[in-house]
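A look at the structure
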Amino acid sequence: MKGGKAKKCKKCGKRAVVSLKNYKISLCQDCFPPFFERLIERDVKKYRVIRENERVLAAVSGGKDSVALLSALSALSSNFNFHLEALHIDLGIGEYSRRSAEVCRKLCQELGIELNTVRLSEYGFTISDVNTRKVCSVCGNAKRYIFNRFARENGFDVIATGHNADDILANFFKNWLAGNRWWIEKQMPRTEGFDRVVTRIRPLILRTEKENAVYVLTKQLPFLADECPNAPQDRWKEIIYEIEAKIPGFKQNFVRNMFKESKEIPEFRYCSVCGEISTSEICQFCRNVMRYGQIAMVARSSAESSEEVAKKE
Ligand code: SF4
Ligand code: ZN
């Protein structure tokens, strides 16, 4: 909050820790978490995000959004009667990956939720082997692939991700400018699966980054504050932030109205190597496995041979 007289919580009168202009409300540390969870509950009901008895797999990285996602879903799971587990992917990004795995372990222990872990290295490469400027697109593709395959092979009905309104808006502008209109179809609170693609849900799609951050802080949940070392500077998020400062509620209104946009899905086929859904002969993930798996293999064998030379000397 800015300087001046401290605001009071609208619910209990204690000192407020956050003022949300678009709801015209100030709340204290104790009253914000239930307020946030009620907002999620309202959206889950309104958009029929989760159905009764579904098996939900939440994608967790340890960042504030996925931590907020898992905690809010955990609070909802008994009322809505669904089964909840978490999946963490170890991407092999050095210290960052080690710390995010640690946060996920701690969080799941605190919330009493089963944590599943898949290592990208099981597929023959890690994100540290990716020597291109498009590292995030290789990483994003790997995450989508592994989440989908793990969920399907382990009997989950839906995959939940922590995408927030800021992410959706920034991606909207980037994709719109690149001419990817069909992309909008995927950015719904719930996108039904088809064939080998598992249903996706985005329960935080109307929540802002700020709301998620305040939630994890006021609920004192473990989270990883550090960003991935590969994270690009996102100018669109800065622009969106400035618009929101001038027009409170802009982000949520924009995203809500996006749900009404038209739908157009690209044609798909099956990857000739692994059989997963793909838009080309060999899916992007298998192409990455071939390319970076080879790089990783060469790196390992040259490290081994230099060790042997050192031993002989
Ligand atoms: Fe992966 Fe890029 Fe995100 Fe890092 S910033 S986790 S490399 S997508
Ligand atoms: Zn209060």
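Scroll up to find the structure this text is about.
A brief look at the structure comes next.

Criteria and cut-off values
- Residues numbered from 1 in each chain as written.
- Chains lettered and ligands numbered in written order.
- Predicted model: local features only at pLDDT ≥ 70, side-chain atom pairs only at ≥ 80, totals over all residues.
- Heavy atoms only, no water.
- Phe/Tyr/Trp six-rings, centres within 6.5 Å; stacked < 30°, edge-to-face > 60°.
- Helix = DSSP H or I, 4+ residues; strand = E, 2+ residues; numbered from the N terminus.
- Buried < 20%, exposed > 50% of the residue type's maximum accessible area, 1.4 Å probe, protein only.
- Lys NZ or Arg CZ within 6 Å of the ring centre and 35° of its normal.
- Donors = N, O, S within 2.8 Å, 3.2 Å for Na, K, Ca; no water.
- Tetrahedral: all angles 85-135°; square planar, octahedral: opposite > 155°, others 65-115°.
- Axes fitted to C-alpha atoms, helices over the stretch in contact; angles between N-to-C directions.
- Parallel < 35°, antiparallel > 145°, perpendicular 65-115°, else oblique.
- Left-handed = near helix turned anticlockwise from the far one by under 90°.
- Contact = heavy atoms within 4.5 Å.
- Nonpolar A, V, L, I, M, F, W, Y, C, P; charged D, E, K, R; others polar.
- Core = buried A, V, L, I, M, F, W, Y, C linked by side-chain atoms within 4.5 Å.
- Expected span 1.5 Å × (residues − 1).
- Bend = angle between axes of the 7 residues up to and from the residue.

1. Structural notes on the packing of aromatic side chains
We describe a pair of aromatic rings using the distance from one ring centre to the other and the angle between the two ring planes. The tally for this structure, following the rule as stated, stands at 18 aromatic pairs. Judged by centre distance (4.0 Å) and plane angle (15 degrees), the rings of tyrosine 145 and phenylalanine 285 are stacked. Of this pair, tyrosine 145 sits in helix H4 (residues 135-153) while phenylalanine 285 sits in helix H10 (residues 284-312), placing them 140 residues apart in sequence. Assigned by exposure class, tyrosine 145 and phenylalanine 285 land together as buried. A network of ring pairs unites the aromatic residues Phe172, Phe173, Trp176, Trp236, Phe250 and Phe254 as a single cluster. Above the plane of the ring of tyrosine 270 lies arginine 196, whose end atom (NZ or CZ) is 4.4 Å from the centre.

2. A closer look at the coordination of the zinc ion (ligand 2)
Distances from the zinc ion (ligand 2) to its protein donors, Cys9 (SG), Cys12 (SG), Cys28 (SG) and Cys31 (SG), fall at 2.3 to 2.4 Å. What the four donor atoms of the zinc ion (ligand 2) show is an angle range of 102 to 116 degrees at the metal, which sorts the shape as tetrahedral. Each donor residue of the zinc ion (ligand 2) belongs to the same chain, with the gaps between them written as C-x2-C-x15-C-x2-C. Residue cysteine 9 is classed as buried on the basis of its relative accessible area of 5%. You can call cysteine 12 partly exposed: its relative accessible area is 40%.

3. Topic: the packing of helix H1 (residues 32-46) against helix H7 (residues 209-218)
Two elements in contact, H1 and H7, have axes whose closest approach is 9 Å; the angle formed by their N-to-C orientations is 135 degrees. It follows from the interaxial angle that H1 and H7 lie oblique. Here H1 and H7 pass one another in a crossing that is left-handed. Contacts from Phe32, Pro33, Phe36, Glu37 and Leu39 in H1 reach Glu211, Asn212, Val214, Tyr215 and Thr218 in H7. When grouped by side-chain class, the residues that make up the contact of H1 with H7 number six nonpolar, two polar and two charged.

4. Topic: the nonpolar core
Counting residues in hydrophobic clusters, the biggest one holds 41 residues, and the most contacted among them are Phe32, Val56, Leu70 and Leu73. When sequence neighbours within four positions are dropped, the list of residues in contact with leucine 70 reads Ala58, Val60, Leu84, Ala86, Leu107, Cys108, Leu111 and Ile113. Formed by 32 residues, the second largest nonpolar core is a distinct cluster that contains Leu91, Val103, Phe147 and Cys286.

5. A short note on helix H2 (residues 64-80)
Each α-helix turn comprises 3.6 residues. Residues three or four places apart therefore point the same way. Between its first and last C-alpha, H2 extends 23 Å over 17 residues, near the 24 Å set by a 1.5 Å rise per residue. By the largest-angle criterion, serine 74 marks the main kink of H2, which is about 30 degrees. Among the 17 residues of H2, twelve are classified as buried, and the element is accordingly described as predominantly covered. Residues Asp65, Ser66, Val67, Ala68, Leu69, Leu70, Ser71, Ala72, Leu73, Leu76, Ser77 and Phe80 constitute the buried set of H2.

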